[in-house]
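Here are the chains, one letter per residue:
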Amino acid sequence: MIITRAQLNNYRSYASCELAPCEGVNVLLGDNGQGKTNVLEALYVCCTGRSHRTRQDRELIRWGEDFASVKVEAQRRDGSHEVEILMPAMGRRRIKIAGQEISRSGELMGHVTGVLFSPEDLRTVKDGPAERRRFVDMALSQIKPAYYYALQRYARALKQRNEALKAVAAQPAFMATLDAWDEQLATAGAELMRHRRAYVEQLSRTASETHRDIADGREKLEIRYLPSVTMGDDAQSNLEALFGARENDVRRMTTTVGAHRDDVQILVEGRDVRAFGSQGQQRTAALSMRLSELDVMREQLGEWPMLMLDDVMSELDPGRRRQLVSHLKGIQTFITCTDAEDLAGAEVGRTWRVENGALREA
Ligand SMILES: Nc1ncnc2c1ncn2[C@@H]1O[C@H](COP(=O)(O)OP(=O)(O)OP(=O)(O)O)[C@@H](O)[C@H]1O
Ligand SMILES: [Mg+2]
């Protein structure tokens, strides 16, 4: 998949900007705070419907304006795809696919596909389980709309069950109201678990190879799925786990077991990199995970998604930089950097200078 055109209007620091990327390596070059990440973020929003930096559309709208939009045109093997996201300051955002407004946000997924590696990714490795679930959720949602919908059903059921738990805590006679939510949570939860297990296994296989390349064969990387429900990935096991946790959940007034408590463990040389990895090892592990996400997406979609590398080059030593660059063959890539020296001899197709919220092709 190749992005052929992108148009930003009142998006962050941009009043209006348009770019026609090449199918190889595209570079956004500029000093700090000039608007490089803003461009990648806009492309990413067209892939996933979400910014990697905020959940608030309001923040994406240029200060003082009341409306922002992003439009991306992509060329895929099956033809051209166009995604447009319209974000008003007041009211609901609207999404158009090929000019037609869609009614369910999940219909956005899979038209423009991409993987973003950003400095925030270190959090996937370093922070708590929520960051790793987010990694898996965002990756799976792009390749499997069914997963995205299961995620929505799960979140809704979880919210309802937690409400019900509060009601039961105040009035134990309401206990039976939990049955219906347990049922829905168990069904959606089992679906999430099955997809997550398969995905993490595939990711781990790919990541161990990718990591060997990037880390010069020095380290072994493994990724493991750690489900909250350990009895099994089926709805019955989920249901039993929920039932077993009921008393405790009523006391705590929150659901303590289920897919929203899953984790993914990242091991380097058999040790949890979160606890024992050096800063450099953690960074390389995070990069390997993103590059593997890219590989898995290619296997699933039958073509490469695009790749966005935000501020990555300056963080890597020259050897790893070269390995990364050799990974980019045949993949449309967007790289941001402050110094062209950091590109480690990558074959650059197009370069833009980013200055004060404006792009100028160099
Ligand atoms: N909603 C907004 N409206 C206008 N300007 C914004 C908005 N949100 C962020 N900005 C501006 O965008 C700039 C940040 O852009 P961005 O994060 O893309 O910079 P960058 O070039 O990636 O910098 P760095 O090299 O430090 O990562 C900031 O200067 C900020 O003032
Ligand atoms: Mg940036």
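Fair warning: this is a prediction, and the values are worked out from it, not measured in the lab.

Conventions used here
- Residues numbered from 1 in each chain as written.
- Chains lettered and ligands numbered in written order.
- Predicted model: local features only at pLDDT ≥ 70, side-chain atom pairs only at ≥ 80, totals over all residues.
- Heavy atoms only, no water.
- Near = heavy atom within 4 Å.
- Polar contact = N/O pair within 3.5 Å; in protein donor to acceptor, adjacent residues only side chain to side chain.
- Areas by Shrake-Rupley, 256 points an atom, 1.4 Å probe, with all protein chains shown as cover.
- Helix = DSSP H or I, 4+ residues; strand = E, 2+ residues; numbered from the N terminus.
- Nonpolar A, V, L, I, M, F, W, Y, C, P; charged D, E, K, R; others polar.
- Axes fitted to C-alpha atoms, helices over the stretch in contact; angles between N-to-C directions.
- Left-handed = near helix turned anticlockwise from the far one by under 90°.
- 1 Å grid on protein atoms, 1.4 Å probe; cavity = no way out; pocket = protein on both sides within 12 Å on 5 of 7 lines; lining within 4 Å.
- Points joined across faces, edges and corners; volume = space filled by probe spheres on them.
- Domains from an automatic or database assignment.
- Contact = heavy atoms within 4.5 Å.
- Buried area = accessible area lost by both parts, 1.4 Å probe.
- Salt bridge = Lys/Arg side-chain N within 4 Å of Asp/Glu carboxyl O.
- Core = buried A, V, L, I, M, F, W, Y, C linked by side-chain atoms within 4.5 Å.
- Buried < 20%, exposed > 50% of the residue type's maximum accessible area, 1.4 Å probe, protein only.

Visitor: Quick question: what am I supposed to make of the site of ligand 1 here?
Guide: Neighbouring ligand 1 are 16 residues, the closest being G33, K36, T37, N38 and I61. Taking Q34, its main chain carries an N or O atom lying 3.2 Å from an oxygen atom of ligand 1. A distance of 3.0 Å separates an oxygen atom of ligand 1 from a polar backbone atom of G35. Contact with the protein chains hides 77% of the accessible area of ligand 1, taken as 650 Å² for the molecule alone. The element best represented in the shell around ligand 1 is helix α1 (residues 36-48), accounting for 3 residues. Here the shell around ligand 1 is composed, by residue class, of 2 nonpolar, 7 polar and 7 charged.

Visitor: Please explain the packing of helix α5 (residues 145-170) against helix α6 (residues 178-214) as it appears in this structure.
Guide: Each pair of packed helices gets described by two things: the angle between the helix axes and the distance between those axes. Where α5 contacts α6, the two axes come as close as 8 Å, and the packing angle between them is 145 degrees. Every pair of crossing elements has a handedness; the one defined by α5 and α6 is left-handed. Taken together, the residues that form the contact of α5 with α6 break down as 15 nonpolar, 4 polar and 5 charged.

Visitor: Explanation requested: empty space enclosed by the protein in the structure shown.
Guide: Over the atoms, a rolled probe matching the size of one water molecule traces out where space is still vacant. Tallied over the entire structure, the rule returns 2 cavities of 30 Å³ or more. In this structure, the largest cavity encloses a volume near 40 Å³. As for the largest cavity, its lining consists of Y44, T48, G114, V115, L116, M138, A139, Q142, R290 and E293. Secondary-structure elements contributing two or more residues to the lining of the largest cavity are α1, β8 (114-117), α4 (129-143) and α9 (279-301). For the lining of the largest cavity, a count of residues per class yields 5 nonpolar, 3 polar and 2 charged. A volume near 30 Å³ is recorded for the second largest cavity. Around the second largest cavity, the lining residues are Y154, L185, V229, N238, L242, V257, G258 and A259.

Visitor: Any chance you could explain the domain arrangement of the chain here in plain terms?
Guide: By a widely used convention, the size of an interface equals the accessible area lost when the partners come together. If you check the domain split of the chain, you get domain 1 (1-113 + 305-362) and domain 2 (121-302). Just the C-alpha atoms count here: the centres of domain 1 and domain 2 sit 27 Å apart. Each side of the interface is counted separately: domain 1 has 25 residues, and domain 2 has 23 residues. Taken together, both faces of the contact between domain 1 and domain 2 bury some 2200 Å²; the carbon and sulfur share is 60%. Remark: the boundary between domain 1 and domain 2 carries 1 salt bridge. Linking E315 and R283 is a salt bridge whose minimum nitrogen-to-oxygen distance equals 3.3 Å. Along the contact surface separating domain 1 from domain 2 lie 6 residue pairs in polar contact (both at pLDDT 80 or more). The set of elements that each furnish at least two residues to the side of domain 1 that touches domain 2 consists of α1, β12 (306-310) and α10 (318-326).

Visitor: Please clarify how the nonpolar core should be interpreted in this entry.
Guide: Across soluble globular proteins, nonpolar side chains show a tendency to be buried alongside one another. Among the nonpolar cores identified, the biggest contains 61 residues, and V136, Y199, L287, L307, L309 and L324 are the most heavily contacted of them. Residue contributions to this core peak at 10 residues, all from α6. Built from parts of two domains, this core gets at least three residues from each of domain 1 (1-113 + 305-362) and domain 2 (121-302). V83, M306, W352 and V354 belong to the second-largest nonpolar core, a separate cluster that totals 39 residues.

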